[in-house]
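Structural characterization, general
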Amino acid sequence: MSKEKRLIGLVFDVDDTLYEQIVPFENAYKSLFDMDIDMEQFYLLSRHYSDVKFEASRNGEITMDEYHIYRIQEAARDLGVLITDEQALDMQKEYKKNQQKLQMSNTTIGILELVKENDVKLGIITNGPSEHQWSKVKALGVERWIDKENIIVSGDYSINKPDVRIFEIMQEKLQLPIDSLYYIGDSLENDIVGANNAGWKAIWINRYKRKLPGNVIIYKIAENNIELFEIIKKIFEK
């Protein structure tokens, strides 16, 4: 008798998972400034300050302009660079413009092709305002591989990762048991903790070689999408 095929669900984050977010960020900075800055640290700090004020921006405690100014100014200030409110908003505009031209790498496309060929159920869970995140989804063209109904943008639900409820919504969509579900993302705080809360297997994209804290459970770690490709291949071999 042939072995029954095991159903698997792979769910992806978007930013710094399906594409490298530092690329449009760096291009936006370089188009406006000629001041030297540690771009990797600037980007990582901007992500940190984004998380600090994310709930405040979502709840309307601060405007989106104030949110964008805050995260860019604070990140730059930590690196000794002063950016005005107007410059921060100009950079955000360039950053947003660059995000309309996003592209996935050939490796990432190869991953999606592979999982589609293996009848894997696919989904996306991404945090952020509805219009902003959907514009990225469309720019990346992921609906070629992932059904629109299996793409969850937190802004449409008023629930954000790592809240377990957003993972439960996806599980209901995919109709798979918890032990068949894998979540792939770059954020320890949102993606990995969220997957842990939901009981899913967590695959961490650790592009910037962050230290692994002791309070999370990780199935596998990939430093880039080439390593991710190999991890996913091995999942099918089980």
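In the block above lies the structure referred to throughout.
Computed from a predicted structure; not experimentally measured.

Attention now moves to the environment of Arg-144. On the secondary structure map, Arg-144 appears in the loop between helix 6 (130–140) and strand 3 (151–153). Residues Arg-144 and Leu-112, 32 residues apart in the sequence, show an inter-C-alpha distance of 9.3 Å. Of note is the side chain of Arg-144, whose polar atom sits 3.0 Å from the side chain of Glu-113.

Ordered in space as 3-2-1-4-5-6, the six strands form an open sheet in which the pairing is parallel. Edge positions in the sheet fall to strand 3 and strand 6 (220–222), since each has one partner strand and no second. Mean inter-strand twist for the sheet, computed between neighbouring axes without regard to direction, equals 20°. Relative to strand 5 (residues 201–205), strand 4 (residues 181–185) is paired through four bridges, and the arrangement is parallel. For Tyr-182, the partnering residue across the bridge sits in strand 5 and is Lys-201. Strands in contact with helix 6 are strand 2 (121–126) and strand 3; relative to strand 3, the strand with the most contacts, it is inclined by about 145°.

Another aspect to go through is the layout of surface pockets. Estimates place the volume of the second largest pocket at around 320 Å³. Together, 19 residues line the second largest pocket, and Tyr-19, Glu-20, Val-23, Gln-103 and Ser-105 are the ones closest to its centre. Of all the secondary structure elements, the ones that give two or more residues to the lining of the second largest pocket are helix 1 (22–32), helix 5 (106–117) and helix 9 (225–237). Take the lining of the second largest pocket: its biggest share by element is three residues, from helix 1. Grouping the constituent residues of the lining of the second largest pocket by class yields seven nonpolar, eight polar and four charged.

Calculation rules
Residues numbered from 1 in each chain as written. Predicted model: local features only at pLDDT ≥ 70, side-chain atom pairs only at ≥ 80, totals over all residues. Heavy atoms only, no water. Helix = DSSP H or I, 4+ residues; strand = E, 2+ residues; numbered from the N terminus. Polar contact = N/O pair within 3.5 Å; in protein donor to acceptor, adjacent residues only side chain to side chain. Pairing = 2+ DSSP bridges. Axes fitted to C-alpha atoms, helices over the stretch in contact; angles between N-to-C directions. Contact = heavy atoms within 4.5 Å. 1 Å grid on protein atoms, 1.4 Å probe; cavity = no way out; pocket = protein on both sides within 12 Å on 5 of 7 lines; lining within 4 Å. Points joined across faces, edges and corners; volume = space filled by probe spheres on them. Nonpolar A, V, L, I, M, F, W, Y, C, P; charged D, E, K, R; others polar.

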